[in-house]
Amino acid sequence: MIVITGANGQLGRHVIHNLLASLPARDIVAAVRSPEKAADLAELGIQVRHGDYNRPETWPAALDGASQVLLVSSSEVGVERAKQHQSVIDAAGAAGTVRRLLYTGILGNDTTSLRLAADHQATELILRESGLDYTVLRNGFYTEMYSGQLAHAVGSGSIVGSADPGSRLATATRAEFAEAAAAALLTDSPQRYYELSGDTAWSLAELAEEFSRQTDTRVVYQQVSPEQHRAGLLQAGLPELLADILVDVDAGIDRGDLARQDGSLSKLIGHPTAPLADAVATAVAELKANSPS
């Protein structure tokens, strides 16, 4: 029995649909904060159980009988996220049946100084001290985090950031990271750590060029200072914590923290990762589908 936490999220749902190609639905458990929102998964024959990162008491029942657990990291960055993860890890250790726990971390977690990595570094420490057999899927960034900026970029004519125009990052799609998680769950002898990133690294300037090419609209990458970047994000209504994290991400791009590549992702999923152009094409199609006729 495999339990997927945070299974109502996009990554968790992708993982479940990948697993369904190899496992009967009854062997998959979707642990979710709001079971009523997972009715479609229940209709497929998947067990839906209540598992809330903010309610540690829900996890013993959610993990009952589990042989493997995929702990999809909480989205509540900076809100005691490692503590949320620990409640799942503790319940997995106490269950007595869990032979392996997999965790979705961040690329280069052992070397990066990204602010986003702090919770992942704390969680990896918890795992090392847990006594559980574990695997960490150190995921790079989702390409959709950037291709999803298409509508705003086309409307404004620019992508604004504080990273150097030539600095690169090796992203992959959410579906590819989910495919990797499913493959690791189905592997008899997985690695302890996987550094997962796209086969091709690209720059924000190249993203702007791809937006321009596929929409026949002029989009440029506008580099600003970190201070200007932060001020613009705050003016757009973002919370201070998120604005600070995004500025820090661009600093990490300049350091090369998100450009790490060793081919582990394509090897694990058995095919090359999609190029940036494919993700932009998907975003363009979605934009057209949602635009007034």
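Residues numbered from 1 in each chain as written. Predicted model: local features only at pLDDT ≥ 70, side-chain atom pairs only at ≥ 80, totals over all residues. Heavy atoms only, no water.

Caption draft 1: Molecular detail of helix 13 (residues 276-290). Here helix 13 spans 21 Å end to end across 15 residues, near enough to the 21 Å set by a 1.5 Å rise per residue. Within helix 13 the residues assigned to the buried category are L276, A279, V280, A283 and V284. Projected onto a plane normal to the axis of helix 13, the buried residues spread over an arc of 140° and lie on a single side. Exposed positions of helix 13 whose direction lies more than 90 degrees from the buried face are K288 and A289. On its buried face, helix 13 sits against helix 6 (144-147), helix 7 (150-156), strand 10 (202-203) and helix 9 (204-215). (Helix = DSSP H or I, 4+ residues; strand = E, 2+ residues; numbered from the N terminus. Expected span 1.5 Å × (residues − 1). Buried < 20%, exposed > 50% of the residue type's maximum accessible area, 1.4 Å probe, protein only. Arc of directions from axis to C-beta. Contact = heavy atoms within 4.5 Å.)

Caption draft 2: Structural view of the pattern of salt bridges. One pass over the full model with this rule turns up 16 salt bridges. With a shortest N-O distance of 3.6 Å, D110 and R138 are connected by a salt bridge. Here D110 is found in the loop between strand 5 (100-106) and helix 5 (117-130), whereas its partner R138 is found in strand 6 (residues 134-139), with 28 residues between them in sequence. A residue is classified by how much of its surface remains accessible, and D110, at 52% relative accessible area, is exposed. (Salt bridge = Lys/Arg side-chain N within 4 Å of Asp/Glu carboxyl O.)

Caption draft 3: Broad picture of helix 5. In this model, helix 5 (14 residues) spans 20 Å end to end at C-alpha, consistent with the 20 Å of a helix rising 1.5 Å per residue. Every buried residue of helix 5 is accounted for by A117, D119, H120, T123, E124, I126 and L127. At its buried positions, helix 5 is contacted by helix 4 (81-95), strand 5, strand 6 and strand 9 (193-196). Once helix 5 ends, the next one or two residues include G131, with phi positive near 85°.

Caption draft 4: Spotlight on the layout of surface pockets. In this structure, the second largest pocket occupies an estimated 280 Å³ of space. Surrounding the second largest pocket, 15 residues form its lining, E144, S147, T282, A283 and E286 being those nearest its centre. Looking at the lining of the second largest pocket, the elements with two or more residues in it are helix 6, helix 7 and helix 13. For the lining of the second largest pocket, the element with the most residues is helix 13, which contributes six residues. Classifying every residue of the lining of the second largest pocket by side-chain character gives seven nonpolar, four polar and four charged. (1 Å grid on protein atoms, 1.4 Å probe; cavity = no way out; pocket = protein on both sides within 12 Å on 5 of 7 lines; lining within 4 Å. Points joined across faces, edges and corners; volume = space filled by probe spheres on them. Nonpolar A, V, L, I, M, F, W, Y, C, P; charged D, E, K, R; others polar.)

Caption draft 5: Structural view of the nonpolar core. Formed by 55 residues in total, the largest nonpolar core has its most connected members in I4, V15, L70 and L101. Broken down by element, the residue count for this core peaks at seven residues, all from helix 8 (residues 174-185). Setting aside its immediate chain neighbours within four residues, L70 contacts V3, I4, T5, V15, L102, T104, L137, A181 and L185. The next biggest cluster of nonpolar side chains, apart from the first, holds 27 residues, and it includes L114, A205, F211 and A283. (Core = buried A, V, L, I, M, F, W, Y, C linked by side-chain atoms within 4.5 Å.)

Caption draft 6: Quick peek at unusual backbone geometry. If you check the backbone angles, D216 has positive phi at about 55° while not being a glycine. You can see D216 is positioned in the loop between helix 9 and strand 11 (220-223). Using a relative accessible area of 74% as the deciding quantity, one classes D216 as exposed.

Caption draft 7: Up close: the sheet that holds strand 4 (residues 68-71). Across the sheet, seven strands lie side by side as 3-2-1-4-5-6-9; this open sheet has parallel pairing. Edge positions in the sheet fall to strand 3 (47-50) and strand 9, since each has one partner strand and no second. The sheet shows a mean angle of 20° between the axes of neighbouring strands, direction not considered. Here six bridges tie strand 5 to strand 6, and the two strands are oriented parallel to one another. The residue bridging Y103 from the neighbouring strand is V136, located in strand 6. Across the sheet, helix 5 touches strand 5, strand 6 and strand 9, and the angle it forms with strand 5 is around 160°. (Pairing = 2+ DSSP bridges. Axes fitted to C-alpha atoms, helices over the stretch in contact; angles between N-to-C directions.)

Caption draft 8: Examining the packing of helix 4 against helix 5 more closely. Closest axis-to-axis distance for the helix 4/helix 5 pair is 9 Å, and the angle between their directions is 25°. Considering the angle they form, helix 4 stands roughly parallel to helix 5. Here the hand of the crossing between helix 4 and helix 5 comes out right-handed. Counted together, R81, A82, H85, Q86 and I89 of helix 4 and D119, H120, A122, T123, I126, L127 and S130 of helix 5 form the full contact between these two elements. Tallied by class, residues from the contact of helix 4 with helix 5 come to five nonpolar, five polar and two charged. (Parallel < 35°, antiparallel > 145°, perpendicular 65-115°, else oblique. Left-handed = near helix turned anticlockwise from the far one by under 90°.)

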